Amino acid sequence: MTEIIDGKIISATVKERVKDGVKKLKDNGITVGLAVIIVGSDPASQVYVANKKKACQSLGIISEEYALPENTSQQELLDLINELNNKKSINGILCQLPLPAHLDEKLIINSISPEKDVDAFHPANVGKIMIGDYDFVPCTPAGVMEMLTYHNIDISGKNCVVIGRSNIVGKPMGMLLLHKNGTVTICHSRTKNLKEVCKEADILVASVGKAGFVTADMVKEGAVVIDVGINRVDGKLYGDVDFDNVKEKASAITPVPGGVGPMTIAMLMQNTLTAAKKQNGII
Ligand code: GUN
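It should be emphasised that the depicted structure is a prediction, and the values quoted were computed from it without experimental measurement. (Residues numbered from 1 in each chain as written. Predicted model: local features only at pLDDT ≥ 70, side-chain atom pairs only at ≥ 80, totals over all residues. Heavy atoms only, no water.)

## Examining the pattern of salt bridges
Step number 1: Here the structure, examined in full by the defined rule, presents 9 salt bridges.
Step number 2: Note that E65 is salt-bridged to K53, the shortest N-O span being 3.4 Å. With a gap of 12 residues between them, E65 in strand β3 (residues 62–68) and K53 in helix α2 (residues 43–59) connect regions that are remote in the sequence.
Step number 3: By relative accessible area, which is 37% here, E65 ends up partly exposed.
Step number 4: Linking K87 and E64 is a salt bridge whose minimum nitrogen-to-oxygen distance equals 3.1 Å. With a gap of 23 residues between them, K87 in the loop between α3 (74–85) and β4 (92–95) and E64 in strand β3 connect regions that are remote in the sequence.
Step number 5: Relative accessible area serves as the criterion here: at 27%, K87 is assigned to the partly exposed category.
Step number 6: Sharing partners across several salt bridges, the network here consists of K128, D135 and K278. (Salt bridge = Lys/Arg side-chain N within 4 Å of Asp/Glu carboxyl O. Helix = DSSP H or I, 4+ residues; strand = E, 2+ residues; numbered from the N terminus. Buried < 20%, exposed > 50% of the residue type's maximum accessible area, 1.4 Å probe, protein only.)

## As for the pairing of β3
Step number 1: Here 7 bridges tie strand β2 (residues 33–39) to β3, and the two strands are oriented parallel to one another. Looking at β3, one finds that I38 is bridged to A67.
Step number 2: Where the polypeptide runs from β2 across α2 and back to β3, its parallel neighbour, the crossover connection is right-handed. (Pairing = 2+ DSSP bridges. Right-handed = clockwise from strand over helix to strand, strands pointing away.)

## Re the sheet that holds strand β6 (residues 183–187)
Step number 1: Judged by pairing direction, the sheet is parallel, and its 6 strands sit side by side in the order β1-β11-β8-β7-β5-β6 without closing on themselves. The open sheet has two edge strands, β1 (3–4) and β6, and neither has a second partner.
Step number 2: Bridge count between strand β5 (residues 159–163) and strand β7 (residues 203–206): 4 bridges; the pairing is parallel. Paired with C160 across the two strands is I203, which belongs to β7.

Encoded structure:
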């Protein structure tokens, strides 16, 4: 029987844990605050930012939203980040990506204080992930790890194949699996014999950005299949995995929607709590 890995249930347990942690800090007179910056009016980004705000409110985290106009200058954005870096009541800063084309994304990410970088996009945090000594993990790979832990899926010695090599998902995902002693292969658009490589996977993580990309013939019988994709086709959400057919072969699989998606915000909340604890010398 294939296990359906339910992100709604697992994210709720993470959020409960965070809520407890926030309350404990509050009982000791410490507040937890997250600043979310959004520049321009990208509709998908607006939905994500609204959801982050809602999650903060439900967990007792103070959220400050900075919605800046499309024509915001680089200096204006840098000035705001500098102000938030120095603001005591703010523990985490997230600048929603993508930014409008006239803004230098790399420069902006690098200007966020690594101690408040709850996305874990700053090179200092990326480097820490590389050496396995990290406080923050990018929210999506962190969510995937949480799902594997929740289902007692052992990673040690397993063949782990990640499809996609983005800085936000593929690369950190590979590192986290490696730290748990997985044998990791990261595939991408130039990978030869992709189907054969995927067929060797005990744990297959798809982060491609193409609806239904992973088909049943690419999956080994009994594999664990994690679908990071969120693809909107004619207004409907699809993952990167052909769920209906792949689920017949997998031992466990995440659906879309209701899989990895809800985990991402839960892990952001967890990173924000961690930031507050670190900044207050609690951990
Ligand atoms: N845009 C899409 N996903 C993310 C994310 O995880 N963090 C930020 N800052 N922007 C995003």
